[in-house]
Amino acid sequence: MKIEVATKEDVLIQKKPKLRINNVSKTYDQKIVALSEVNLDIEEGEFMSFVGPSGCGKSTIFKIIAGLSEPTTGAIEMITPTSTDTVINRDEVGFVFQHATLLPWKPVIDNVALPLELKGVAKKERYEKAMNVLEMVGLEGYEKALPRQLSGGMQMRVSIARSLIAKPKLLLMDEPFGALDEMTRQNLHYELLRIWEKTNMTVLFITHNVFESVFLSTKIAVMSARPGRITNVYEVPPYERNESFRSTNEFSRLVGEIESGLKH
Ligand SMILES: Nc1ncnc2c1ncn2[C@@H]1O[C@H](COP(=O)(O)OP(=O)(O)OP(=O)(O)O)[C@@H](O)[C@H]1O
């Protein structure tokens, strides 16, 4: 992972912590150019969605931000006003994947507490924290259940709870609701927005669903086909996110604009 240190001047002009994707390119196996010169600034507390054609490098960006993959050129910078040290603290980054990826033999509470168990946190403390996040995702009472006893939506809630237990400042969600039915997906939209508002995390969210991106996000980054670039960033005004928002003219207008942006 290439980490760049921001200058003091950089830091002083930033009002809020900011994640900067600075000229990031990624070539796999010296021939597959997945990303080409991606630049994007993300403010603290933003809910930023990434939409783009299949294979345009959305997951690659997330892997680079999470430190699971190295950029070929460029860097991810985390700039905070309190420190000139821009090393991203991996403990502050949570990751949720399309599939819940739960350990089938472990009860819900142990799945949720796993990140703390791996860090050697004592059982009492990790169970207390797991109960708190299970309550946040509406799963109190299910702590002893095994994953197979839960619906797909509930398993995703467990996965989200597990990502929240270490109190991430940045949550990366790679198509988390892609495998769920529409009703479950919409219920989880409200849950996620409630959690986002409560925690003030920065959320980065990959989806193929433009409606979902407009409903959830403060900003939407549209990407081009491979090699992936950010072609446009749309801002969603702070409308109240409720059922009626989905049927407003503003909602349809934004969906239309983004869909046409995806075609160019
Ligand atoms: N480990 C890898 N080795 C080689 N090529 C890879 C690797 N990971 C991804 N790629 C290639 O890089 C490109 C971008 O992949 P990536 O998974 O980031 O796209 P994506 O936009 O997330 O796709 P999707 O929307 O289909 O999930 C694709 O062409 C993919 O085949």
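Here the structure is a predicted model, which is why all the values come from computation and not from measurement.

What counts and how
Residues numbered from 1 in each chain as written. Predicted model: local features only at pLDDT ≥ 70, side-chain atom pairs only at ≥ 80, totals over all residues. Heavy atoms only, no water. Buried < 20%, exposed > 50% of the residue type's maximum accessible area, 1.4 Å probe, protein only. Helix = DSSP H or I, 4+ residues; strand = E, 2+ residues; numbered from the N terminus. Pairing = 2+ DSSP bridges. Right-handed = clockwise from strand over helix to strand, strands pointing away. Phe/Tyr/Trp six-rings, centres within 6.5 Å; stacked < 30°, edge-to-face > 60°. Salt bridge = Lys/Arg side-chain N within 4 Å of Asp/Glu carboxyl O.

This next bit is on the pairing of strand E6 (residues 170-174). Most of E6 sits out of view: five of its five residues are buried. On E6, burial covers both faces: Leu170, Leu172 and Asp174 on one face and Leu171 and Met173 on the other are all buried. One ladder, built from five bridges, connects E6 with strand E7 (residues 202-206); its direction is parallel. For Leu172, the partnering residue across the bridge sits in E7 and is Leu204. Regarding topology, helix H6 (residues 182-199) serves as the crossover connection from E6 to the parallel E7, and that connection is right-handed.

A full pass over the atoms with the stated rule returns eleven aromatic pairs. Their ring planes at 85° and their centres at 5.5 Å tell us that Tyr190 and Phe215 sit as a pair that is edge-to-face. Placement of Tyr190 in helix H6 and of Phe215 in helix H7 (residues 210-216) is noted, with a sequence separation of 25 residues between them. Owing to a relative accessible area of 28%, Tyr190 belongs among the partly exposed residues under this scheme. Plain terms: the ring middles of Phe215 and Phe245 are 6.0 Å apart, the flat faces sit at 35° to each other, and that makes the pair tilted. Highlighted residues: Phe215 in helix H7 and Phe245 in the loop between strand E9 (230-235) and helix H8 (249-263), separated in sequence by 30 residues.

Turning to the pattern of salt bridges, a few remarks are in order. All chains considered together, the criterion is met by twelve salt bridges. A salt bridge links Glu128 to Lys124; its shortest N-O distance comes to 3.3 Å. You can see Glu128 and its partner Lys124 sitting in helix H4 (residues 123-136), four residues apart, about one turn around the helix. Here Glu212 ties to Arg185 by a salt bridge, and the two come within 2.8 Å at their closest N and O atoms. With Glu212 in helix H7 and Arg185 in helix H6, this pair connects stretches of sequence that are 27 residues apart. Here Glu212 and Arg185 have matching classes, each one buried.

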